[in-house]
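Letter by letter, the chains look like this.
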Amino acid sequence: MDSGLVGAGKQLLHVDVYIDEHQPSRGILALLSRLRPNWKAQDIQMKTFTEGITNQLIGCYVGSLLEPGCVLVRLYGKMTELYILHAHRCGPEIYCSFQNGICYEFVRGTVLDDKLLRQPSIYRLIAAEMGKIHSIQPKSGRPVEPVLWTKMSHFLKLVQSSVSSSPAGQCSADLQKLPSFKTLSQEMESLKRHLSQIDSPTVLCHNDLLTKNIIYNEKEGMVKFIDYEYADYNYQAFDIGNHFNEFAGVNDVNYNLYPSWELQRDWLTAYLESYKHSTGREVTVTEAEVTQLYIQVCKFSLASNFLWGLWAILQSRFSSIDFDFQRYATARLNYYFEKKEEYFGLAVN
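Being a predicted model, the structure only gives us computed values, none of them experimental.

1. Here's the deal with the sheet that holds strand S11 (residues 222-225)
Inference 1: Overall, antiparallel pairing links the 3 strands, which are arranged S8-S10-S11 in an open sheet. Edge positions in the sheet fall to strand S8 (110-111) and S11, since each of these pairs with one other strand and no more.
Inference 2: For S8 and strand S10 (residues 214-217), the ladder comprises 2 bridges, and the chain directions are antiparallel. Residue pairing for S10: Thr110 is matched across the bridge by Tyr216.
Inference 3: Across the sheet, helix H4 (residues 120-134) lies against S10 and S11, angled at about 50° from S11, the strand it touches most.

2. So, the confidence of the model for the protein chain
Inference 1: Predicted confidence across the protein chain gives a mean pLDDT of 87, with 88% of residues reaching 70 or more.
Inference 2: In this model residues 1-9 is a low-confidence stretch, pLDDT under 50, and it forms 21 contacts with partners more than four residues away in sequence or in other chains.

3. A few points about the nonpolar core
Inference 1: Ile126, Met152 and Trp267 are the most contacted members of the largest nonpolar core, which totals 74 residues.
Inference 2: With 15 residues, the top contributor of residues to this core is helix H10 (residues 287-318).
Inference 3: If near-sequence neighbours (up to four positions away) are discounted, Met152 is found in contact with Met188, Leu191, Ala303, Phe306, Leu307 and Leu310.
Inference 4: Counting residues in each nonpolar core, the second largest holds 18 residues, with Val17, Ile44, Cys60 and Phe98 among its members.

4. Some remarks on the packing of aromatic side chains
Inference 1: Scanning all chains against the criterion turns up 18 aromatic pairs.
Inference 2: Here Tyr255 and Tyr335 contribute two aromatic rings whose centre-to-centre distance is 3.6 Å and whose plane-to-plane angle is 0°, an arrangement assigned as stacked. Taken together, the residues Tyr255 in the loop between helix H8 (236-245) and helix H9 (261-278) and Tyr335 in helix H11 (residues 325-344) connect sequence positions 80 residues apart.
Inference 3: Classification of Tyr335 as buried rests on a relative accessible area of 10%.
Inference 4: For the ring pair Tyr336 and Phe337, a centre distance of 5.0 Å and an interplane angle of 75° mean the geometry is edge-to-face.

5. Focus: the environment of Glu189
Inference 1: Looking at the secondary structure, you find Glu189 in helix H7 (residues 181-195).
Inference 2: Glu189 sits 40 residues away from Trp149 along the chain, and the two C-alpha atoms are 9.7 Å apart.

6. Things to note about H11
Inference 1: An ideal rise of 1.5 Å per residue puts 28 Å on 20 residues; H11 measures up with 27 Å between its terminal C-alpha atoms.
Inference 2: Most pronounced at Glu338, the bend in H11 amounts to some 35°.
Inference 3: Its buried side turned inward, H11 meets H7, H8 and H10.

Reading guide: rules and limits
- Residues numbered from 1 in each chain as written.
- Predicted model: local features only at pLDDT ≥ 70, side-chain atom pairs only at ≥ 80, totals over all residues.
- Heavy atoms only, no water.
- Pairing = 2+ DSSP bridges.
- Helix = DSSP H or I, 4+ residues; strand = E, 2+ residues; numbered from the N terminus.
- Contact = heavy atoms within 4.5 Å.
- Axes fitted to C-alpha atoms, helices over the stretch in contact; angles between N-to-C directions.
- pLDDT = per-residue confidence, 0-100.
- Core = buried A, V, L, I, M, F, W, Y, C linked by side-chain atoms within 4.5 Å.
- Buried < 20%, exposed > 50% of the residue type's maximum accessible area, 1.4 Å probe, protein only.
- Phe/Tyr/Trp six-rings, centres within 6.5 Å; stacked < 30°, edge-to-face > 60°.
- Expected span 1.5 Å × (residues − 1).
- Bend = angle between axes of the 7 residues up to and from the residue.

Below, the structure is given as structure tokens:
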């Protein structure tokens, strides 16, 4: 057992254990014998949250999953951004790393639902937490590139290869309601031209802040974000616009539920107060600042819909999960095309 560095001057425990993804129990027990030496092996229970060679998450506990001390074991989880968040006392506590993954805290509380998401006392907490995370500066101090265009280009190339490798009849049947690859490629270039001219800061983003990734602890009056699989440096307005899109839901996407101007104004005010405070600036927020951020968020919400539309096209082709990804892709992309002209027309000061 040795130590590795996380953050400035902070030590992170490293356990020299490898966990076989096909038969993880043995390796996990070896890991827990060091991390939780007071736990008896016969009392340890394991709950698999996600399965897959590249993304296994297993909860380990004695007694109840909700009792203190539960350990989440993530295999093949580099999750570099989680280390950064840990160093700044954001996100879940990291217990240790091991040869092919990390162990971290199981965050207790209530997983948000659509109703809780709209409660002012709760969405202000979400806005403040996002502002705090967005204030975290890159460790190197050097400028970083937003991940948006790299990720979008990657998804688009995968869509192209999936279309070209499919039998013509099957491909047209699966994707007949969706835009052609040529149209998608043109739209991405259009988005990139327009949004690259907007001065939205590049900050540390969650990039996937839907309701199930937000835990509300009513007793402590706080929220924590979980599942940082997509966390990376990205445009500030993208992370916010991406979250606002999630108000429309996942299983049955309904953009009538997209937050109103009044809700967005209140949310953005709470966000800017937190962001300014966390970056050591004057906390006073003006109406002009709120309006400018609102316009930027509208524009980047288009990129969010487009990105997840591409992702859903890929999922519809390859995922074994029982979910109508094609319907989801259609909803996301239809709303993108519906709002594009309106949002492109908004003037940023």
